[in-house]
Amino acid sequence: MAGVKVLAESSVVLESVPSKFNFVNEPTASNSDSIPIIDFSLLTSSHPDQRSRVIQDLGKACQEWGFFILVNHGIPENDMEAMFKAATEFFNMPAEEKRQYEPKNASDPIKYGNFNVTNTSNQTFTLWRDYLKLYVHPDFHCPLKPEILREALLNYSVRTRKLAGALLEAISETMGLEKSYMEETLNLESMFQLFAANFYPPCPEPDRAIGIPPHTDHGLLTFLIHNGVAGLQIEHNGEWFHANSPHNSILVNTGDQLEIFSNGRCKSVKHRAVLNNEKTRISLVVANGPSVNTVLGPAPPLVARDRRASYIPMKYKEYIEKQLTNSRVDGKSLLEQMMIHENEL
Ligand SMILES: O=C(O)CCC(=O)C(=O)O
Ligand SMILES: [Fe+2]
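Within an unreviewed UniProt entry, the label attached to the protein chain reads Fe2OG dioxygenase domain-containing protein, and the organism entered is Fraxinus pennsylvanica. The protein chain has a UniProt comment under Sequence similarities (unreviewed entry) that states "Belongs to the iron/ascorbate-dependent oxidoreductase family."

Asker: I keep staring at the UniProt feature "domain: Fe2OG dioxygenase" (unreviewed entry) in the protein chain and nothing clicks. Help me out?
Answerer: Per the UniProt record, "domain: Fe2OG dioxygenase" (unreviewed entry) is found at residues 187-290. Helix makes up 6% of residues 187-290 and strand 41%, with an end-to-end C-alpha separation of 6 Å.

Asker: Would you mind showing me how to read the pairing of strand β7 (residues 193-200) here?
Answerer: Within a regular strand, side chains alternate between the sheet's two faces. Burial runs high along β7: seven of the eight residues are buried. Where strand β6 (residues 130-137) and β7 come together, seven bridges link them in antiparallel fashion. Residue Leu132 lies in a different strand from β7, and its bridge partner there is Ala197. Across eight bridges, β7 lies against strand β14 (residues 281-288) in antiparallel orientation. Looking across to β14, one finds that Phe195 is bridged to Val286.

Asker: What is the right way to look at helix α5 (residues 148-174) in this model?
Answerer: Here α5 contains 27 residues, and its C-alpha end-to-end distance of 39 Å stays within 8% of the 39 Å for a straight helix at 1.5 Å per residue. Within two residues after α5, Gly176 carries a phi angle of roughly 75°, on the positive side.

Asker: Teacher, can you tell me more about the sheet that holds strand β10 (residues 232-236) here?
Answerer: In any sheet, the strands associate via hydrogen bonds between backbone groups, in a parallel or an antiparallel arrangement. One open sheet accounts for four strands, arranged β8-β13-β10-β11; its pairing is antiparallel. Whereas interior strands pair on both sides, the edge strands pair on one side only; in this sheet they are β8 (212-215) and β11 (239-242). Recorded for the sheet is a direction-independent mean angle of 20° between the axes of neighbouring strands. In this sheet, strand β13 (residues 271-273) lies alongside β8 in antiparallel orientation, the contact comprising two bridges. If you follow His215 over to β13, its bridge partner there is His271.

Asker: What's the story with the site of ligand 1 in this structure? I'm lost.
Answerer: Neighbouring ligand 1 are Ala196, Asn198, Ile212, Asp217, Leu224, Gly231, Leu232, His271, Ala273, Ser283 and Val285. For the shell around ligand 1, the per-class residue count stands at six nonpolar, four polar and one charged.

Asker: Honestly, the environment of Gln56 in this entry has me stumped. Any pointers?
Answerer: By the secondary structure assignment, Gln56 is in helix α2 (residues 48-64). The exposed category is assigned to Gln56, around which 11 C-beta atoms lie within 10 Å.

Asker: I'm lost on helix α3 (residues 77-92) in this one. Help?
Answerer: With 16 residues, α3 should reach 22 Å at 1.5 Å per residue; the first-to-last C-alpha distance of 23 Å fits that figure. Met83, Ala86, Ala87, Phe90 and Phe91 are the residues of α3 that are buried. One side of α3 holds all its buried residues, which, seen down the axis, span an arc of 135°. Away from the buried face of α3 by more than 90 degrees, exposed residues Glu77, Asn78, Glu81 and Asn92 are located.

Asker: Would you explain unusual backbone geometry in this entry?
Answerer: The linkage connecting His137 with the following residue, Pro138, adopts the cis geometry, with an omega of 5°. Of note, the bond from Lys145 into Pro146 is cis; its omega dihedral lies within 30 degrees of zero at -5°. Relative to the assigned elements, Pro146 resides in the loop between β6 and α5. Positioned with a positive phi, Asn72 is a non-glycine residue whose angle comes to about 50°. Despite not being glycine, Asn263 shows a phi value in the positive range, around 55°.

Asker: Got a minute to help me understand the sheet that holds strand β12 (residues 250-254) in this structure?
Answerer: If you walk across this open sheet you meet the eight strands as β1-β2-β12-β9-β14-β7-β6-β3, and the pairing is mixed. Edge positions in the sheet fall to β1 (37-39) and β3 (110-113), since each of these pairs with one other strand and no more. Each strand of the sheet is rotated relative to its neighbour by a mean of 20°, with strand direction disregarded. Contacts between α3 and the sheet are confined to β6, β7, β9 (221-226) and β14, with β14 contributing the most and set at about 115° to the helix.

Asker: Help me understand the packing of α3 against α5 in this model?
Answerer: Between two packed helices, both the angle of their axes relative to each other and the distance between the axes serve to describe the pair. The geometry of α3 relative to α5 is characterised by a closest axis approach of 9 Å and an angle of 135° between their N-to-C directions. In terms of orientation, α3 lies oblique with respect to α5. Once α3 is placed against α5, the crossing between them reads as left-handed. The residues of α5 that touch α3, namely those facing Asp79, Ala82, Met83, Lys85, Ala86, Glu89 and Phe90, are Ile148, Leu149, Ala152, Leu153, Asn155, Tyr156 and Arg159. Across the contact of α3 with α5, the residue classes tally to nine nonpolar, one polar and four charged.

Rules used throughout
- Residues numbered from 1 in each chain as written.
- Chains lettered and ligands numbered in written order.
- Predicted model: local features only at pLDDT ≥ 70, side-chain atom pairs only at ≥ 80, totals over all residues.
- UniProt positions renumbered as here; feature names shortened; annotations may be inferred.
- Helix = DSSP H or I, 4+ residues; strand = E, 2+ residues; numbered from the N terminus.
- Buried ≥ 20, exposed ≤ 12 C-beta atoms within 10 Å, placed from the backbone.
- Pairing = 2+ DSSP bridges.
- Expected span 1.5 Å × (residues − 1).
- Axes fitted to C-alpha atoms, helices over the stretch in contact; angles between N-to-C directions.
- Near = placed C-beta within 6 Å.
- Nonpolar A, V, L, I, M, F, W, Y, C, P; charged D, E, K, R; others polar.
- Arc of directions from axis to C-beta.
- Contact = placed C-beta atoms within 7 Å.
- Parallel < 35°, antiparallel > 145°, perpendicular 65-115°, else oblique.
- Left-handed = near helix turned anticlockwise from the far one by under 90°.

Printed below as a string of structure tokens:
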């Protein structure tokens, strides 16, 4: 298939969603003005009170929401603009140019296309989204075109990697661990970084298709920026909320590996991308994980404190592969499968 973009822009005016996209969707969500906002610049504040307050807020955000809006993060606006420009140019290239990146294997380091998901009743749906996914660290992979992509992405991956490192240090502190604990035990100098650009064209029947169904992210911390068009929703206390983040901020969420590592303190929260019938939405995502060879389980000092481990350890590489191949959209998630419940002890 040539991509959802081509379909949405074809000369025949689409009045309904072709049946292969039909996803039983429950799009209602509420607004929330209480998604935590974290001011990154305060983490380096020389006022001890200010710093300890932001560490406390950060810990609370990871525990209660698993999502927060990061402001004053230090990544220049121009660098983000350059990424949107490059991603837009990529999706605007002719279908033949993009087709060479359609994956042969799920683990190809450069992938473009659209995605099918299957539910527990064995029905398959195509998602209303074109994506470009690139492995950018420890090895950097990037399509040759558009030419502006390489430099912009190299820079963005360096900057987001530094930011992830600094946030993970602060998150270690929120749990009473040494600042460098995660960096050392999870081999963060060779952290696995995945970049994804998501392109959601306007959809004639936004309630009958979905951009990305409910899921959690597999890594430690995910960073998301978007082009100002709403669409991300997150689950909080069993309800769905719109996650609107202001221009120039970064929406950060804690992923499965951080929930496991923190022995359940940080929450890897379900989220989904819904559609609209007016505007194209673009989101740019950087998923930051441990090195792929790390066997990640609950941190021993936390297990000692809690007197039990609440999750089974697994090599991160294996976790990613399993999540790619095993999951049914409405089935038990891999994270749920890794949990050790109290009655199983
Ligand atoms: O586009 C969005 O807002 C969500 C993207 C997302 O959840 C993902 O790429 O994992
Ligand atoms: Fe996600």
